[in-house]
Structures are given as C-alpha cells and as structure tokens.
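Given next are the chains, with one letter for each unit.
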Amino acid sequence: MSFYQNVFELIDLRSFSNLWFWIALAVLWSTASHWVLGVPYDMVVRARRYGGQSTQDLEDIARININRLLFIGQVSGLWLLGLGCFLLTSLAVLGVFYGVELAQALFLLGLPMSIVWLLSLSTARLIYLESATGEALCSRLTRHRLYVQIIGVISIFVTALWGMYQNLAVGPLAG
C-alpha cells in the first residue's frame, strides 16, 4: 500500500460522513448565533440586566459594528453580492450536476450564511435609521439573533437530511 492510500484510508474525505464537517457545522451556527452583528450576545444580556455602563458599552460596540457593516455594504456591496452569487452558483452546479460532495457541503454551509449576512445588513440598516439605543437596540439584536437561530435550525435539519441521504446512497450499503 502506498502512503497516499494509507492516508486516504485513514481520513475519510467525503464530507457528510466526516465528523469534522459536522463539528464545523455546529461551530458555525453556534458562533453565528452568539455574535449578533459582531456584538457578543452576552453583552446584550448584561445591558438588559444591569444597565448603566453595560448599556453604554453595548451601544458603542453596536454603533461601531453597524457603521462598519453599512460602510462595507455601500462601498463594495455589489461586488460582494456578485462574488457570492458566483461562488454559490458554482458550488450548486458542481454539487448538483457533477455530484461533487464537497461542493454540496460547502453550498449547504454557504447559502444559509449568505442569508444571515443579508439579514445582518438589513438589521444594521434598521438600527441605524431608528438610531436605536437602550432597550430598543437590545430587542432589535435579540430579534435578529432569533432569526439567525431559526435559519440555523432549518439549515442543520436540511443538511442532516441531505447528509443521511448521501451516506445511504454512496455508502457501503448502496447497491
């Protein structure tokens, strides 16, 4: 047996049967739901609970991240949208028409995260237009977090279904 055969036998390179893919999926959604518009959610909880300096800190970090997101959207939003659509379309074509499992896995990670990115841009715009502070800011960030979690649950469910299908269709039990 050659070195490469040993490596490929030891490490399963198929995405949906690889434990690292599922760990990456869990970390991705855990991180996405904790960092709401770049603000750690524990700051929102602390601002609601204690007020005062905690609320001021939340408003400051939210203002910085919202201005950053809106600036990126205004300066290079169309380029990012075009690049994102190109990458997602490429992954979809490779995954669906050519059966590349890695492309399917990356598409199932990328599509929902692009929806979260658009939702983040929209929420940042709303907070900016409302000049939300205090409880209004906390509730807007909490609502955004809930939407991200809903998208995450749906994404994990769809990815798990597709992964099980792939493992049954391609795995050792397939005829």
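Structure first, text after, so check above.
Residues numbered from 1 in each chain as written. Predicted model: local features only at pLDDT ≥ 70, side-chain atom pairs only at ≥ 80, totals over all residues. Heavy atoms only, no water.

Peer 1: Would you take a moment to explain the packing of helix H4 (residues 53-96) against helix H6 (residues 134-170) for this structure?
Peer 2: Between two packed helices, the angle of one axis relative to the other and the distance separating the axes together describe the packing. Here H4 crosses H6 at 60°, and the two axes come no closer than 10 Å. With respect to H6, the element H4 is oriented oblique. The two elements H4 and H6 meet at a crossing, and its hand is left-handed. Facing H4, whose interface residues are Thr 55, Leu 58, Glu 59 and Ala 62, H6 presents Gly 134, Leu 137, Cys 138 and Leu 141. Along the lines of polarity and charge, the residues of the contact of H4 with H6 split into five nonpolar, two polar and one charged. (Axes fitted to C-alpha atoms, helices over the stretch in contact; angles between N-to-C directions. Helix = DSSP H or I, 4+ residues; strand = E, 2+ residues; numbered from the N terminus. Parallel < 35°, antiparallel > 145°, perpendicular 65-115°, else oblique. Left-handed = near helix turned anticlockwise from the far one by under 90°. Contact = heavy atoms within 4.5 Å. Nonpolar A, V, L, I, M, F, W, Y, C, P; charged D, E, K, R; others polar.)

Peer 1: So what exactly am I meant to see when it comes to the side chain of Thr 55 here?
Peer 2: Topologically, Thr 55 is positioned in helix H4. Residues contacting Thr 55, with those up to four places away along its chain left out, are Ala 47 and Gly 134.

Peer 1: Quick question: what am I supposed to make of the environment of His 34 here?
Peer 2: In this structure, His 34 sits in helix H2 (residues 19-34). You can call His 34 partly exposed: its relative accessible area is 30%. Once the C-alpha coordinates of His 34 and Val 148 are considered, the two residues, 114 residues apart in sequence, prove to be 9.6 Å apart. The contact partners of His 34, leaving out residues within four places of it in the chain, are Val 39, Pro 40, Tyr 41 and Asp 42. (Buried < 20%, exposed > 50% of the residue type's maximum accessible area, 1.4 Å probe, protein only.)

Peer 1: I keep staring at the pattern of salt bridges and nothing clicks. Help me out?
Peer 2: A side chain with one charge may pair with a side chain of the opposite charge, provided their charged atoms come close. All told, the structure shown has four salt bridges when counted by the stated rule. Salt-bridge contacts for Asp 60 lead to Arg 63; the nearest nitrogen and oxygen are separated by 4.0 Å. In this pair, Asp 60 and Arg 63 are both assigned in helix H4, three residues apart and thus about one turn of the helix distant. When its relative accessible area of 28% is taken as the criterion, Asp 60 is described as partly exposed. Taking the relative accessible area as the measure of exposure, Arg 63 reaches 45% and is therefore partly exposed. Arg 140 is the salt-bridge partner of Glu 130, the closest N and O atoms lying 2.5 Å from each other. (Salt bridge = Lys/Arg side-chain N within 4 Å of Asp/Glu carboxyl O.)

Peer 1: I would appreciate a short explanation of H4 in the present structure.
Peer 2: One turn of an α-helix holds 3.6 residues; hence residues three or four places apart share an orientation. Over its 44 residues, H4 runs only 52 Å from end to end, short of the ideal 64 Å by more than 12%, given 1.5 Å per residue. Considering bend angle alone, the principal kink of H4 is centred on Ser 76 and spans about 80°. (Expected span 1.5 Å × (residues − 1). Bend = angle between axes of the 7 residues up to and from the residue.)

Peer 1: Help me understand the nonpolar core, please; the structure alone is not making it clear to me.
Peer 2: In summary, soluble globular proteins display a tendency toward joint burial of nonpolar side chains. Core analysis: the biggest nonpolar cluster contains 18 residues, and Leu 37, Val 44, Leu 58, Ile 66, Ile 127, Leu 137 and Leu 141 have the highest contact counts within it. Among the secondary structure elements, those contributing two or more residues to this core are helix H3 (41-50), H4, helix H5 (101-130) and H6. Counting residues per element, this core draws most heavily on H4, at five residues. If we ignore the near neighbours within four places in the chain, the residues touching Ile 127 are Leu 37, Ile 66, Ala 132, Leu 137, Arg 140 and Leu 141. If you look at the next biggest cluster of nonpolar residues, it comprises eleven residues, including Phe 16, Leu 25, Leu 109 and Val 148. (Core = buried A, V, L, I, M, F, W, Y, C linked by side-chain atoms within 4.5 Å.)

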